[in-house]
Amino acid sequence: MLRSVKLFRALGNFKKINNLNNSFLFCLKKMSTQINTTNYFEAKTFISPVSGITISTKIWGKEENPIKVIGIHGWLDNAATWDGLGPYIAQNSSFCFMCLDLPGHGRSGHHPKGWPYHFVDYVSEIVGLVDLLGWESYSIIGHSLGAGISTFVSAVDERVKCAVFIEGLGPWATAPEKQAQLLKQALISRKSLNSRTSDNNNNNDNSNQKLYPSLQIAAEKLQFNSLTFLKHKLEYNSALSLVSWSTKPIYELNQSNEQQNQIIQSNDKEPIGFVFMHDINLRANSFFRYSEDQVASFLVSIKCPLFCIIGEFGNAEFLSFYPARKAKLVAPVEELRVTNAHHHLHLDSPQLIQQSIIDFLIKNNNLQSQNNDNK
């Protein structure tokens, strides 16, 4: 266990916080007057017992609270995807909601150059983190890629009490006869990315990432990307939450983290821009995908209660395979279809699903229901 910082009501004392990631410290300095300080989270990092890289987390609620919940974000998102649900879940004093950055995402460490991010590796990281934490049981909430990871974790780890899948159920699949073409495309994309990356592939090296003049412009770029690839436009505040957590300020090119921390602490210089900290190798095509039959073998292995949440205008590919996959489940399943909602409904419109999620978690963790203040 490494760095830890709690964000209390006295956010004016941010300059006294030590060893905090420099982008977050900058964002606190710029945004502290706008933060609702009645809620706070704890930012904590762990050393993965599986890969040895740093795993970054945002923890809503006290760690000693009895009901443990893990939040797993989607592809190229980060732990801030749960910033809408986190404060609400934390209002129930029974819950500890740990939202992590998957390897290569957000503030977590990167794989060494040439080491791909396989889907099954994420599953191993989740189970390994729970082992490290010593949790005897836990629940899981996943979105998109995170829901696919949560599907496999729920199938293989008997400690999972219940699972919430938002816009996802298992990973994307590829037919066996198309696997060779998939690998060929992956090798081509990997070669292209390798030509753009430095030998020092880690999240302290900004040479591989585009420099954005401001957080606002980075957020607008994220909005544009969501509209282009997902056919919906993220709300600006949602995009800003994601980029505020997953970028770092740059004061001069090719500076070390320590040098930039010194500038932030001195409070006498504005950054020249911001870069994302995720690994650009995440954009490489997958080397391998499971077939539908293989995914089905995991679906039938899930025994814990499930809650599937689908947006009316959600991801089209997910909506195309969801009914057939749901039909293969043998575990008890609840479903919530949300009208006028899209793929990131949990981030843009958490009020539409937050109480339903709380009720599901309470019921399947044998808790007496508590009324949240903002119900």
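Below, the structure is looked at part by part. (Residues numbered from 1 in each chain as written. Predicted model: local features only at pLDDT ≥ 70, side-chain atom pairs only at ≥ 80, totals over all residues. Heavy atoms only, no water.)

### Some details on the overall build of the protein
The helix and strand inventory of the protein stands at 12 helices and 11 strands. When each of the 375 residues of the protein is scored for burial, the buried share is 56%. With the model as given, the accessible surface of the protein reaches about 16500 Å², and the carbon-plus-sulfur share is 51%. (Helix = DSSP H or I, 4+ residues; strand = E, 2+ residues; numbered from the N terminus. Buried < 20%, exposed > 50% of the residue type's maximum accessible area, 1.4 Å probe, protein only. Areas by Shrake-Rupley, 256 points an atom, 1.4 Å probe, with all protein chains shown as cover.)

### Focus: the nonpolar core
Grouped together as the largest cluster of nonpolar side chains are 46 residues, with contacts concentrated most on Ile70, Ile126, Ile149, Val153 and Leu306. Ranked by the residues each element gives to this core, the list is headed by helix 3 (residues 119-133), at 8 residues. Contacts of Ile70, omitting those with residues within four sequence positions, involve Phe97, Met98, Leu100, Ile126, Val130, Trp135, Tyr138, Ser139, Ile140 and Ile141. (Core = buried A, V, L, I, M, F, W, Y, C linked by side-chain atoms within 4.5 Å. Contact = heavy atoms within 4.5 Å.)

### With respect to the packing of helix 3 against helix 4 (residues 145-156)
Taken N-terminus to C-terminus, the directions of helix 3 and helix 4 make an angle of 60°; their axes are 9 Å apart at the nearest point. The chirality of how helix 3 crosses helix 4 is right-handed. Every residue of helix 4 that contacts helix 3 at Phe119, Tyr122, Val123, Ile126 and Val127 is listed here: Leu145, Gly148, Ile149, Phe152, Val153 and Val156. Counted by class, the contact of helix 3 with helix 4 contains 10 nonpolar, 1 polar and no charged residues. (Axes fitted to C-alpha atoms, helices over the stretch in contact; angles between N-to-C directions. Left-handed = near helix turned anticlockwise from the far one by under 90°. Nonpolar A, V, L, I, M, F, W, Y, C, P; charged D, E, K, R; others polar.)

### What to know about unusual backbone geometry
The backbone of Leu76 shows a phi angle near 65°, a positive value even though the residue is not glycine. Within the element layout of this structure, Leu76 appears in the loop between strand 4 (67-72) and helix 2 (85-90). The exposure class assigned to Leu76 is buried, which follows from its relative accessible area of 19%.

### What to know about helix 10 (residues 316-328)
Remark: the principal bend of helix 10, roughly 45°, maps to Tyr322, with a proline, Pro323, within the next four residues. Along helix 10, the residues that are buried comprise Phe318, Phe321, Tyr322 and Arg325. Considering only its buried residues, helix 10 is in contact with helix 9 (292-299), strand 10 (306-313) and strand 11 (333-342). For helix 10, the capping residue at the N-terminal end is Asn315, with a side-chain oxygen 3.0 Å from the backbone nitrogen of Glu317. (Bend = angle between axes of the 7 residues up to and from the residue. Polar contact = N/O pair within 3.5 Å; in protein donor to acceptor, adjacent residues only side chain to side chain.)

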